[in-house]
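Chain by chain, the residues run as shown.
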Amino acid sequence: MHAMTAENLRTAFGGESMAHVRYKLWAKRAQQDGFANVARLFAAVSFAEEVHASKHFKRLKEDAGAFSVTAGGGFGLGTTAANLANALAGEAYEVSEMYPAFLEVAHLQGEQDAVKSFTYAHETEKAHAMLYRRAKEAVALGQDVELGPVYVCDHCGWTIEGEAPEKCPLCAVKRERFVEYAS
Ligand SMILES: [Fe+2]
Ligand SMILES: [Fe+2]
């Protein structure tokens, strides 16, 4: 694999791994703050980030060894309102800067597996940003977010509220592959 795409995959792996853990911690805090649906949303998205991290990691199977990984990640364990603002900023960065840039390089280098992995994450982060925005607006009013069941595709991380689709719109696996986060 080209060195630059490999480095971008490691960076994305680092970012997604941190997001996975960070959202778990923020889910606990949301539960403590009395926002059960926000907690459920953080838990679902945390799983999606684990799926993305795993995908990026597997793409790197030929690039074994120890590397220093530089990856941006939000820190802080504040109120749920602050954590949602932090989460939204992270997703927005991935949507508007990180994944578009990584995708350009992967395309340029003909790294089709990486293109797929980055696309799965990029498309999913758009959905995460929308869900977090809604949650942030509700919590700003002192309310829990209204949220139906949330489904996460265990193959590509695609995240959807309401009903699991017959087929994943992003990776085409069947409905059975969706993990449900219901209240
Ligand atoms: Fe995300
Ligand atoms: Fe999928």
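In the block above lies the structure referred to throughout.
Figured I'd write up the structure that's included with this text. Being a predicted model, the structure only gives us computed values, none of them experimental.

**Here's the deal with the overall build of the chain**
Helix and strand counts for the chain come out as four helices and three strands. Taken from N to C terminus, the helices and strands of the chain fall in the order α-α-α-α-β-β-β. By the compact-globule yardstick of 16 Å for 183 residues, the chain fits well, its C-alpha radius of gyration being 16 Å. Overall, the C-alpha framework of the chain stretches about 50 × 40 × 25 Å when taken along its three principal axes. Per-residue burial for the chain yields a buried fraction of 43% across its 183 residues. Sequence-distant contacts in the chain: of pairs separated by 6 or more residues, those separated by 24 or more amount to 72%.

**Quick notes on the packing of helix α3 (residues 80-108) against helix α4 (residues 112-140)**
Closest axis-to-axis distance for the α3/α4 pair is 8 Å, and the angle between their directions is 160°. Between α3 and α4, the angle falls in the class roughly antiparallel. Considering only the axes of α3 and α4, their crossing is left-handed. Residue composition of the contact of α3 with α4, by class: 20 nonpolar, five polar and six charged.

**A closer look at the nonpolar core**
In terms of nonpolar packing, the biggest core is built from 48 residues, with Val 38, Leu 41, Phe 42, Ala 44, Ala 135 and Val 152 touching the most fellow members. Of all the elements in the fold, those that place two or more residues in this core are α1 (3-32), α2 (36-59), α3, α4, β1 (150-153) and β3 (178-181). When residues of this core are assigned to their parent elements, the largest contribution, ten residues, is made by α2.

Conventions we followed
Note that residues are indexed from 1 along each chain, following the sequence as it is written. Chain letters start at A and ligand numbers start at 1, both assigned in the order the entries are written. Whole-chain, interface and lining totals are the exception, using all residues; otherwise, since this is a predicted model, local features are given only for residues with pLDDT of at least 70 and side-chain atom pairs are given and counted only at 80 or more. Labels follow the DSSP assignment, with helices taken as runs of H or I lasting at least four residues and strands as runs of E lasting at least two, numbered in each case from the N terminus. For the radius of gyration, the atoms used are the C-alpha atoms, and the globule rule reads 2.2 Å times the number of residues raised to 0.38. Counting other C-beta atoms within 10 Å of a residue's C-beta gives its exposure: the residue is buried at 20 or more, exposed at 12 or fewer, and partly exposed in between, where C-beta atoms are placed from the backbone. Contacts are defined on C-beta atoms placed from the backbone: any two residues whose C-beta positions lie within 7 Å are in contact. The axes are straight lines fitted to the C-alpha atoms, using for helices just the contacting stretch, and the angles between their N-to-C directions are given from 0 to 180°. Should an angle lie under 35 degrees it is considered roughly parallel, over 145 roughly antiparallel, and from 65 to 115 roughly perpendicular; all remaining angles are considered oblique. Left-handed is the label given to a crossing in which the near helix is rotated counterclockwise from the far helix by less than a right angle, and right-handed is the label when the rotation is clockwise. Charged residues are taken to be Asp, Glu, Lys and Arg, nonpolar residues to be Ala, Val, Leu, Ile, Met, Phe, Trp, Tyr, Cys and Pro, and polar residues to be all remaining types, Gly included. Joined through C-beta atoms within 7 Å, a set of buried Ala, Val, Leu, Ile, Met, Phe, Trp, Tyr and Cys residues constitutes a nonpolar core.

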